[in-house]
Amino acid sequence: MTALDETPTELDTVTTTHPTSHAKLIAWVDEMAALTTPDRIHWITGTPEEHQALLDELVAAGTFTKLDKKPNSYWCASDPTDVARVEDRTFICSVDEEDAGPTNNWMDPGEMRVIMRDLYRGSMKGRTMYVIPFVMGHLDAEKPMFGVEITDSPYVVVSMNVMARTGTKVLEALGTDADFVPAMHSIGAPLEPGQADVAWPCNDTKYIVQFPESREIQSFGSGYGGNALLGKKCYSLRIASVMARDEGWLAEHMLILKLTSPQGTVNYIAAAFPSACGKTNLAMLEPTIPGWKVETLGDDIAWMRFGKDGRLYATNPENGLFGVAPGTGWDTNPNAMRAIDAGGSVFTNVALTDDGDVWWEGMTPEAPAHLTDWKGRDWTPDSTEPSSHPNSRFCTPIRNCPILAEEYDDPQGVPISAILFGGRRKTTIPLVTESRDWTHGTFMGATLSSETTAAAVGAVGVVRRDPMAMLPFIGYNAGDYFQHWINVGKDADSTKLPKIFYVNWFRRDAEDGSFLWPGFGENGRVLKWVVERLEGTAAAVETPIGHVPAPGSLDVDGLDVSAEQLEKALAVDPEEWKAEVPLIQEWFDKIGDKTPTTLLTELDGLKARLGL
Ligand SMILES: Nc1nc2c(ncn2[C@@H]2O[C@H](COP(=O)(O)OP(=O)(O)OP(=O)(O)O)[C@@H](O)[C@H]2O)c(=O)[nH]1
Ligand SMILES: O=C([O-])CC(=O)C(=O)O
Ligand SMILES: [Mn+2]
């Protein structure tokens, strides 16, 4: 049955009664319906009743299992081939190839549109097309950042309802002509009449496409995470980074936290770590040092704009948490555990307990005696594979977070006093380094490196450059992106700019391979040193790579770490850095002519200080 078919169907009735008079939106929805030929169209209103009905449908379809042990929460397993972002299938289709740059896949936008149209043709046959009006950030922001996602996946709808502000209130705010980002998504699994559905329909062919000039998104084939929840990476990072370049702000892969000292001094800190490298954990930190308090504003994305006072203000455009499950436990991240326990969560690709709860590696020190693993098989502690996929996730309303800062509700955001860049490196990168100034901090960010994780399909544990933790998310030429960072600093009052630091919780002992730094709640000690550096009270030593804590300046009171181990965690090893320099050089060579000369000068300075 097609939208243009002669037989009257529910579709015809719905399309003729669009719940909006936004002409551009109506035209786009009609065009997509005619192309994808769904059986039905459902405009998402965002009411709790509608959300519940979708959850019930997902249970009836066998996609969701309702958990007995957590309020209104559900378990779900994806197709084993659709478990993470697909970076090699992600494209920036700028008009000129140079504007996508050397770090993105590119295709001519015209050619890509033909490919996508062919894939979308009839792709929603037998399914419902959902239209989700959403806003990233606050609806009452000065300039609300609207989007509309079209999808044929009810899983995507219930997840978008958690991750963004959705529904009728957004549609009303869109009025008749407000700008929005059209975000088209299809799992690419049409159903023939009488054909039985599977629990996780998807397609082997996958495309995640951004058109930066026209601010459009088209996604096909995957139903998982950042591939399919298009408000997240596609809009709030790839498209928003292009808007930010054009308008003089920053769209970044950063957590935002509020840190209060025992004296009651408040600092807001943003931190960029690559996927599955600790943002959610730091954002919800319970410091081990007495009197220090962390509250959460965001765990994945920060939009930062200058305020009238010249300071850089950050907001979190999201409304939910889409967090890595494995490693999340009562001992590592109790606030995340409390958040997911509060209900309204969807768990994907974790294990099911026999009594109707979820479990994953790292949740409790001891594994249950029996589980159903993420592939639906019996699992015992003797099993050879983990019970949960390493990129299994919980999707939970951010309001469940017990330490959500009240400023989360402020569309103005919070003034950032420090930015941390961090990666997952076994060697070379010390626990914490302070940059000399914004340009040097930009150099640290631009040359950030990290071992790849399960958050993206591909090899895990390979060291790669991941500039500002944005490698898969910069919507334009990385060289221009570095220049944009430098310009942001140049145009600002330097006394009001955040100070930039580089951290590494993941350095290992060369001898036994163990983590040198205990991490998690103990990372509060590093935050304390950062704040004391802002205040000018902590001592630091100058090294070729920046300032590191002077002996005794990092609070290690009560910390169960030997002096020798701490020294190794903080060490700046000239030999390791001499080995790093050619890798940085190679990276800038890859970026090519667009590498800002200021960053090349920074590299020359580093070389000189290392005696190279
Ligand atoms: N050793 C160690 N592991 C950590 C630390 N912080 C986080 N992790 C682990 O790193 C993994 C990913 O952490 P998250 O906080 O979920 O990562 P994220 O940066 O929010 O990831 P995305 O949602 O993919 O962007 C989890 O398995 C954590 O347990 C730390 O301080 N030390
Ligand atoms: O996008 C996703 O699927 C999850 C995420 O936060 C990331 O990979 O950084
Ligand atoms: Mn992320």
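Residues numbered from 1 in each chain as written. Chains lettered and ligands numbered in written order. Predicted model: local features only at pLDDT ≥ 70, side-chain atom pairs only at ≥ 80, totals over all residues. Heavy atoms only, no water.

### Describing the pattern of salt bridges
Here is the rule: One side-chain nitrogen of Lys or Arg within 4 Å of one carboxyl oxygen of Asp or Glu is enough to make a salt bridge. Secondary structure follows DSSP: runs of H or I at least 4 residues long count as helices, runs of E at least 2 residues long count as strands, and numbering of each begins at the N terminus.
In this structure the tally under the stated criterion is 36 salt bridges. Among the ionic pairs, Arg338 bridges to Glu286, the shortest N-O distance being 3.0 Å. Remark: Glu286 occurs in the loop between helix 9 (279-283) and strand 14 (293-298) and Arg338 occurs in helix 10 (residues 334-341); sequence separation between them is 52 residues. Two residues, Lys426 and Glu451, come together in a salt bridge whose shortest N-O distance is 3.4 Å.

### Observations concerning the site of ligand 1
What counts here: Nearness of a residue to a molecule or strand requires only that one of the residue's heavy atoms be within 4 Å of it. The definition of a polar contact used here is a pair of N or O atoms within 3.5 Å, where within protein one atom must be able to donate a hydrogen and the other to accept one, and adjacent residues in sequence count solely through side-chain atom pairs. Surface accessibility in these figures is a Shrake-Rupley result with a 1.4 Å probe; residues are shielded only by whichever protein chains are displayed. Three classes are used: nonpolar for Ala, Val, Leu, Ile, Met, Phe, Trp, Tyr, Cys and Pro, charged for Asp, Glu, Lys and Arg, and polar for all others, with Gly counted as polar.
Not every one of the 22 residues close to ligand 1 is listed here, only the nearest: Ala276, Lys279, Thr280, Asn281 and Arg393. Measuring from an oxygen atom of ligand 1, one finds a side-chain N or O atom of Lys279 at 2.7 Å. For ligand 1, an oxygen atom lies 3.2 Å from a polar atom in the side chain of Arg424. Burial of ligand 1 by the protein amounts to 92% of the accessible area it has alone, namely 660 Å². Counting residues per element, the shell around ligand 1 draws most heavily on helix 9, at three residues. Counted by class, the shell around ligand 1 contains 10 nonpolar, eight polar and four charged residues.

### So, the UniProt feature "binding site: Mn(2+)" (unreviewed entry) in the protein
For clarity, the threshold we go by: UniProt positions are given in the numbering used here, feature names are shortened, and annotations may be inferred rather than shown by experiment. The buried label goes to any residue with under 20% of its type's maximum accessible area, the exposed label to any with over 50%, and the partly exposed label to all in between, with areas taken from a 1.4 Å probe on protein chains only. Whether two residues are in contact is decided by their heavy atoms: any pair within 4.5 Å suffices.
UniProt's entry tags Lys233, His253 and Asp300 with the feature "binding site: Mn(2+)" (unreviewed entry), counted in the numbering of this structure. Taken together, the annotated residues stretch across 68 residues yet fold into one region, lying no more than 9.5 Å apart by C-alpha. Within the fold, His253 resides in the loop between strand 11 (250-252) and strand 12 (254-260). Of the residues examined, His253 reaches a relative accessible area of 0% and is grouped as buried. Sequence-distant contacts of His253, that is, excluding residues within four places in its chain, are made with Lys233, Leu237, Ala271, Ala272, Phe273, Pro274, Ser275, Lys279, Asp300, Ala469, Met470 and Phe473. Polar side-chain contacts of His253 include one of 3.0 Å to the side chain of Lys233. Along the polypeptide, Asp300 turns up in the loop between strand 14 and strand 15 (302-306). Residue Asp300 is classed as buried on the basis of its relative accessible area of 9%. Once residues lying within four places of it in the same chain are set aside, the contact partners of Asp300 are Lys232, Lys233, Glu252, His253, Met254, Leu255, Lys279 and Glu318.

### What about the UniProt feature "active site" (unreviewed entry) in the protein?
When the UniProt feature table is mapped onto this chain, "active site" (unreviewed entry) is found at Cys277. By the secondary structure assignment, Cys277 is in the loop between strand 13 (266-272) and helix 9. Residue Cys277 is classed as buried on the basis of its relative accessible area, which comes to 2%. Setting aside its immediate chain neighbours within four residues, Cys277 contacts Arg424, Ser450, Thr453 and Phe506.

### A look at the environment of Leu603
For Leu603, the location among the structural elements is in helix 16 (residues 597-609). On the basis of relative accessibility, which here comes to 1%, the residue Leu603 falls in the buried class. Not counting residues within four places of it along the chain, the set of residues in contact with Leu603 comprises Phe443, Val581, Ile584, Gln585 and Phe588.

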